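The residues making up each chain are set out below.
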Amino acid sequence: MSTVATTEMEAHKRAVEEIRRTMAELPEGAAPRLSKPTTNLFRFRDPSKGAKLDASSLDRVIEVDPETGTAEVQGMTTYEHLVDATLPHGYIPTVVPQLKTITLGGAVTGLGIESSSFRNGLPHEAVEEMEILTGDGKIVVARPDNEHADLFHAFPNSYGTLGYALRLRIRLEKVKPYVKLTHVRFTDAAKCMLAMAEICEAGAYEGERVDFVDGTFFGPDELYLTLATYADEAPYVSDYTGMRIYYQSMRTRNRDWLTIRDYLWRWDTDWFWCSRAFGVQKPLVRALMPRRLMRSDFYRKLVGLDRRYGLSARVDRWRDNPVHESVIQDVETPVERGAEFLEFFHKEVGMTPVWMCPLKAGAKWPLYPLQEGRLYVNFGFWGLVPLPRGRFDGYYNRLIEDSVTSLDGHKSLYSTSYYNEDDFWRLYNGDAYWRVKRAYDPSGRLLDLYDKCVRGR
């Protein structure tokens, strides 16, 4: 370990001791919550609830080791800062979620995905070791082969209900400076899903290696697969951090080039396409908008303020607009059922665009039980949908949950959920969860997964 890394590790140890001490001093019965400057959760709750644990000193990269292709990282480190630390060494994390302020610990204890997931699975599959503050106030180091292996494997999809990741050692992937993009249009969802399965299985398209795969659904007869490949050189590079909008570009060109950094953050400038809700895609507004504010965390703050003060709801009532339901979800279905899901979603919900990202789990993880080695498609959709007359909030989200379950899929728990308790524990492996919960949080200091993700406590 270098001198700089040794210094960073010493600072990390001091931060760990401080958060451990703070948790030990919390009033008995107070449910602790991490206090951090960013969040990508969409389970809104009263900000005053919960005893706060300050995690502001746990947001640094301790060391990047190019010889072993690994990094030691504190749990609250954002992927933006992590990528800034690894790219100068020619590496990136094996999966880099789309938004800059997603934290490494958040992606591992929740769900992160990107266009390398058909090769590399989900972010937690690159983790070699985790240092965790458990519900009983202890600090443990969990690895897949030590006495805390049960916690290591149950940690993904536990959303802070088994403990908090303070430090992680992760494997990295060697990269090249540029990425070549090919946008392939389809007019039929079934053919698009078949092509996705074939490309992911072969790792190639028309004889050329494919390193990244994702896609966009604009409608039943307009779908695109975006196939990307590392490159040493580029004839030009596009810039989608200013006036040009990335997701619209695939409709007008079939070939593009980006730097590796701009490729990783291609979705962040416009929060995929959600910036349009704030008028940011209108040319005049976009020209006046400071670039430093054109990023996902700024838009997320606007949503939080609107949710807290009910501004858009008041405008809708004033204009006599229908009540809207927030439909913000990521779900996975097996690739062979993907066209069925898109048909249901377009007919019953009607929101466009929809993001499509293939993934393949390389191992079994008990709390998010995807079948090992099976190709799934993540569908991401984020926005507001007007409720039919006589329907109430939760109508669309319940329809989606029922559809995903019927198609042998799963949904992420970062947003609202409506499952009854029996169905929830069946779908998210309650038997495995409670064995680990009782071992590492025997007094129930931390909320359980159902209380946190469905009841919204």
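Here, the structure is the one placed above.
Residues numbered from 1 in each chain as written. Predicted model: local features only at pLDDT ≥ 70, side-chain atom pairs only at ≥ 80, totals over all residues. Heavy atoms only, no water.

## Regarding the overall build of the protein
Which entries qualify depends on this criterion: Helix and strand assignments follow DSSP, with helices taken as H or I runs no shorter than four residues and strands as E runs no shorter than two, numbered in order from the N terminus. To get the radius of gyration, use the C-alpha atoms; to get the globule rule, take the number of residues to the power 0.38 and multiply by 2.2 Å. Buried means the residue's accessible area, taken with a 1.4 Å probe over protein chains only, is under 20% of the maximum for its type, while exposed means over 50%, and partly exposed covers the values in between. Note on contacts: a residue pair is in contact if any heavy atoms of the two residues lie within 4.5 Å. What sets the accessible areas is the Shrake-Rupley method with a 1.4 Å probe; for residues, cover comes only from the shown protein chains. Residues counted as positive are Lys and Arg, residues counted as negative are Asp and Glu, and His and the chain ends are not counted. Throughout, a charge is located at the NZ atom of Lys, the CZ atom of Arg, the CG atom of Asp or the CD atom of Glu.
In terms of regular secondary structure, the protein is built from 16 helices and 18 strands. Here the C-alpha atoms of the protein give a radius of gyration of 22 Å, agreeing with the 23 Å that 2.2 N^0.38 yields for 457 residues. With the principal axes as the frame, the protein shows a C-alpha extent of 60 × 55 × 45 Å. Relative to its full complement of 457 residues, the protein shows a buried share of 57%. Restricting the contact set of the protein to residue pairs at least 6 apart, pairs at least 24 apart contribute 71%. Summed over its atoms, the accessible surface of the protein is roughly 20100 Å², and 50% of this surface lies on carbon and sulfur atoms. Looking at charge distribution, the protein has the averaged site of its 60 positive side-chain charges lying 5 Å from that of its 64 negative ones.

## Details of the environment of Met23
When you line up the elements, Met23 lands in helix H1 (residues 3–24). Between the C-alpha atoms of Met23 and His12, which are 11 residues apart in sequence, the distance is 17 Å.

## Remarks on the sheet that holds strand S17 (residues 375–386)
Here is the rule we go by: Here the rule is simple: two strands pair whenever DSSP picks up at least two bridges between them. Lines are fitted to the C-alpha atoms to define the axes, a helix being fitted only along its stretch in contact, and any angle between axes, read from their N-to-C directions, falls within 0 to 180 degrees.
With respect to topology, eight strands assemble into an open sheet ordered S14-S9-S13-S12-S16-S17-S15-S18, the strand pairing being antiparallel. Every interior strand has two partners, whereas the edge strands, strand S14 (255–259) and strand S18 (410–411), have only one. Note: strand S9 (residues 178–186) against S14, five bridges, orientation antiparallel. Directly across from Lys180, in S14, lies its bridge partner Trp257. Most of the contacts of helix H6 (residues 189–202) go to strand S13 (residues 222–231), to which it runs at about 15 degrees, and overall it touches S9, strand S12 (212–219), S13, strand S16 (354–360) and S17. Those strands touched by helix H12 (residues 338–348) are S12, S13, strand S15 (324–334), S16 and S17, and its axis lies near 5 degrees from that of S17.

## Section: the packing of H12 against helix H13 (residues 395–406)
Basically, it comes down to this: Angle categories are assigned with fixed cut-offs, so that under 35 degrees is roughly parallel, over 145 is roughly antiparallel, 65 to 115 is roughly perpendicular, and the rest are oblique. Definitions for this section: a left-handed crossing has its near helix turned counterclockwise from the far helix by less than a right angle. A right-handed crossing has that turn clockwise.
Between H12 and H13, the shortest axis-to-axis distance is 11 Å and the interhelical angle comes to 165 degrees. As judged from the angle between their axes, H12 and H13 are roughly antiparallel. Relative to H13, H12 is oriented so that their crossing is right-handed. On H13, the residues touching Phe341, Phe344, Phe345 and Glu348 of H12 are Tyr396, Leu399, Ile400, Ser403 and Val404.

## Examining the packing of aromatic side chains
Definition in use: Under the pairing criterion, centres of Phe, Tyr and Trp rings, with the six-membered ring standing for Trp, must be within 6.5 Å; the plane angle then separates stacked pairs below 30 degrees from edge-to-face pairs above 60, leaving the rest tilted.
Scanning the entire structure with this criterion turns up 32 aromatic pairs. Measuring from centroid to centroid gives 5.1 Å for Phe212 and Tyr230, while their planes differ by 80 degrees, and the two rings are edge-to-face. With Phe212 in strand S12 and Tyr230 in strand S13, the pair connects residues that are 18 residues apart, well separated along the chain. Note on Phe212: relative accessible area 3%, which makes it buried. Of the aromatic side chains, those joined through ring pairs into one cluster are Phe218, Tyr224, Tyr240, Tyr246, Tyr247, Trp267, Phe272, Trp273, Trp355 and Trp382.

## Quick word on the pairing of strand S8 (residues 163–174)
Side-chain direction in a regular strand flips from residue to residue, so the side chains alternate between the two faces of the sheet. Counting buried positions over the 12 residues of S8 gives nine, a clear majority of the element. As paired strands, strand S4 (residues 70–74) and S8 are joined by five bridges and run antiparallel to one another. In the strand pairing of S8, Val73 is matched with Leu168. Pairing geometry for strand S5 (residues 91–93) and S8, over three bridges, is antiparallel. By the bridge assignment, Pro93 is partnered in S8 with Leu172. Across seven bridges, strand S6 (residues 127–134) lies against S8 in antiparallel orientation. Bridge assignment links Ile132 to a residue of S8, and that residue is Ala165.

## Topic: the pattern of salt bridges
Any two side chains of opposite charge can pair, on the condition that their charged atoms come close. This is how it is decided: The term salt bridge refers to a pairing of a side-chain nitrogen on Lys or Arg with a carboxyl oxygen on Asp or Glu at a separation within 4 Å.
Under the counting rule described, the total for this entry stands at 34 salt bridges. The salt bridge involving Arg167 is made with Glu72; its shortest N-O contact spans 2.8 Å. Taken together, the residues span a long stretch of sequence, with Arg167 in strand S8 and Glu72 in strand S4 at a distance of 95 residues. With respect to class, Arg167 is no different from Glu72; both count as buried. A salt bridge links Asp270 to Arg286; its shortest N-O distance comes to 2.7 Å. A residue pair is termed long-range when its members are at least 10 positions apart, and Asp270 in the loop between helix H8 (260–264) and helix H9 (283–288) and Arg286 in helix H9 qualify at 16 residues. Per residue, the accessibility class of Asp270 equals that of Arg286, and both read buried. Connected via shared salt-bridge partners are Glu72, Glu128, Glu129, Glu131, Arg143, Arg167 and Arg169.

## Observations concerning the pairing of S17
Within S17, nine of the 12 residues are buried, which leaves the element mostly enclosed by the surrounding structure. Summarising the sheet, S15 and S17 pair through 11 bridges and their orientation is antiparallel. Its bridge partner lying in S17, Pro334 is registered against Tyr376.

As far as function goes, none of this settles anything; it's purely spatial.
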